[in-house]
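Structure assessment
As a plain string of letters, each chain reads:
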Amino acid sequence: SYVDEQVASIQKKSGYEAITLSKGKQLVCAKGAQVVVTAGAAKATGSLSDLTEGKKVAKGKAVSTDHSFLVLKGNTGVKATKSATVFVQGQYSIK
């Protein structure tokens, strides 16, 4: 229903949501989203800011598990190089 869709939208914007990505799936985030890979492996699909280490991660580079990443530009995020558990805060889609 419309109300359920609106509640789900608010939940996605206000807190972290756990996502399981199978190998090859991509988490595409809006600018300003935060991403934490807690298990598995993934690589950056665009420039991310590693808030844990205070450095940038370039497109195509592996992202460290249990680090908090800020999405600097829209339509970027992470791609699972093997099955991965990812926590995301902010707007996103999966492709």
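This text gives an overview of the structure that appears in the document.

It is worth spelling out the side chain of Gln26 at this point. Mapping Gln26 onto the fold places it in strand 2 (residues 26–29). Among the residues examined, Gln26 registers a relative accessible area of 16% and is labelled buried. Each residue touching Gln26, except ones within four places of it in the same chain, is listed here: Thr45, Val78, Lys79, Ser93, Ile94 and Lys95.

All right, on to the pairing of strand 6 (residues 68–71) then. As judged from the 3 bridges shared by strand 3 (residues 34–44) and strand 6, these two strands associate in the antiparallel manner. Opposite Gln34, over in strand 6, you have Leu70 as the bridge partner. As paired elements, strand 4 (residues 48–50) and strand 6 share 3 bridges and run antiparallel to each other. The residue bridging Ser49 from the neighbouring strand is Leu70, located in strand 6.

On to the nonpolar core. Ranked by internal contacts, the top residues of the largest apolar core, which has 20 residues, are Leu27, Cys29, Val35, Val63 and Val78. Only strand 1 (17–21), strand 2, strand 3, strand 6 and strand 7 (76–89) provide two or more residues apiece to this core. Counting residues per element, this core draws most heavily on strand 7, which supplies 5 residues. Setting aside residues up to four positions removed in sequence, Val35 forms contacts with Leu27, Cys29, His67, Ser68, Phe69, Val71, Val78, Val86, Phe87 and Val88.

Attention now goes to the side chain of His67. Tracing the chain through its elements places His67 in the loop between strand 5 (55–57) and strand 6. The contact partners of His67, leaving out residues within four places of it in the chain, are Val35, Val36, Val37, Asp50, Thr52 and Glu53.

Okay, the environment of Ala44 next. Note on placement: Ala44 falls in strand 3. If sequence neighbours within four positions are ignored, Ala44 has contacts with Val57, Ala58, Lys59, Gly60, Lys61, Val63 and Gly77.

Relative to the helices and strands, Ala84 resides in strand 7. Considering only alpha carbons, one finds Ala84 and Thr65, 19 residues apart in sequence, at a separation of 9.7 Å. Setting aside residues no more than four positions away along its own chain, Ala84 makes contact with Ile19, Thr20, Leu21, Val37, Ala39, Gly40 and Ala41.

What counts as what
- Residues numbered from 1 in each chain as written.
- Predicted model: local features only at pLDDT ≥ 70, side-chain atom pairs only at ≥ 80, totals over all residues.
- Heavy atoms only, no water.
- Helix = DSSP H or I, 4+ residues; strand = E, 2+ residues; numbered from the N terminus.
- Buried < 20%, exposed > 50% of the residue type's maximum accessible area, 1.4 Å probe, protein only.
- Contact = heavy atoms within 4.5 Å.
- Pairing = 2+ DSSP bridges.
- Core = buried A, V, L, I, M, F, W, Y, C linked by side-chain atoms within 4.5 Å.

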